[in-house]
Amino acid sequence: MAARLVARQASSLCRLSSPKSAAEANQLIQRRGLSGGGDHHGPPKVNCWSDPMSPSRWKEEHFVIVSLAGWGTAIYSGYKFFTGGKKGTEEKVVEATLQKVAEASH
């Protein structure tokens, strides 16, 4: 039984190594049988602007973009909220510089 298996593998290796005709070569090319995109599972995915209130129906790439934009906005807003008190010191520096320039020109 094992000898038959070895013989079968050896003969298949001989056939694979040297196809004799174009038809035989075409048979050796692997076809991607069921890898097509036609058989989807679940509801169809939509663009985020088509149904903005249902993130579960959005396409994956749209969900990622909207999520990253939301997190970026939240982090930037938090940064501006917690560092917003320093705005006045910058204005004071500008006013002091303008006063020095005005005094120097007199």
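Residues numbered from 1 in each chain as written. Predicted model: local features only at pLDDT ≥ 70, side-chain atom pairs only at ≥ 80, totals over all residues. Heavy atoms only, no water.

### Thoughts on the overall build of the protein chain
To keep it simple, the criterion reads: Here a helix means four or more residues in a row that DSSP labels H or I, a strand means two or more in a row labelled E, and each is numbered from the N terminus. The classification of residues rests on relative accessible area computed with a 1.4 Å probe and restricted to protein chains. Under 20% of the type maximum is buried, over 50% is exposed, and intermediate values are partly exposed. Here the Shrake-Rupley method, with its probe set to 1.4 Å, supplies the accessible areas, and only the displayed protein chains count as covering residues.
Counting its regular elements, the protein chain contains four helices and zero strands. In sequence order, the secondary structure elements of the protein chain are arranged as α-α-α-α. Within the protein chain, buried positions represent 5% of all 106 residues. Summing over all exposed atoms, the protein chain offers an accessible surface of approximately 10000 Å²; the carbon and sulfur share of this is 62%.

### Some remarks on the side chain of His 62
The test is simple: For this analysis, residues touch if any pair of their heavy atoms sits within 4.5 Å.
Here His 62 shows up in helix α3 (residues 60–82). In contact with His 62, not counting residues within four places along its chain, are Asn 47, Cys 48 and Trp 49.

### Description of the confidence of the model for the protein chain
Just so we agree on the cut-off: Looking at any residue, its pLDDT shows the predictor's confidence there, from 0 to 100.
Looking at the protein chain, the pLDDT average stands at 77 and 60% of residues meet or exceed 70. Looking at the elements of the protein chain, mean pLDDT is at its lowest for helix α1 (residues 2–17), recorded as 63, and at its highest for α3, recorded as 95.

### Considerations on the packing of aromatic side chains
Keep this limit in mind: Between the rings of Phe, Tyr and Trp (Trp by its six-membered ring), a pair exists once the centres lie within 6.5 Å; its type follows the angle of the planes, with under 30 degrees stacked, over 60 edge-to-face, and the other angles tilted.
In this structure the tally under the stated criterion is two aromatic pairs. An angle of 80 degrees between the planes, with centres 5.1 Å apart, marks the rings of Phe 81 and Phe 82 as edge-to-face. Under the relative-accessibility criterion, Phe 82 is labelled exposed at 70%.

### Notes on the side chain of Asp 51
Among the structural elements, Asp 51 can be located in the loop between α2 (22–28) and α3. Residue Asp 51 is classed as buried on the basis of its relative accessible area, which comes to 19%. Discounting residues that sit within four places of it in the chain, Asp 51 has contacts with Val 46, Arg 57 and Trp 58.

### Thoughts on the environment of Lys 59
For clarity, the threshold we go by: Definition of a polar contact: a pair of N or O atoms within 3.5 Å, with one able to donate and the other able to accept a hydrogen when the atoms are protein atoms, and with sequence-neighbouring residues admitted only if both atoms are side-chain atoms.
As for its position among the elements, Lys 59 is in the loop between α2 and α3. With 11 residues separating them in the primary sequence, Lys 59 and Cys 48 have C-alpha atoms 7.2 Å apart. Setting aside chain neighbours within four positions, we find Lys 59 in contact with Lys 45, Val 46 and Asn 47. Here Asn 47 takes part through its side chain, which lies 3.2 Å from a polar atom of the side chain of Lys 59.

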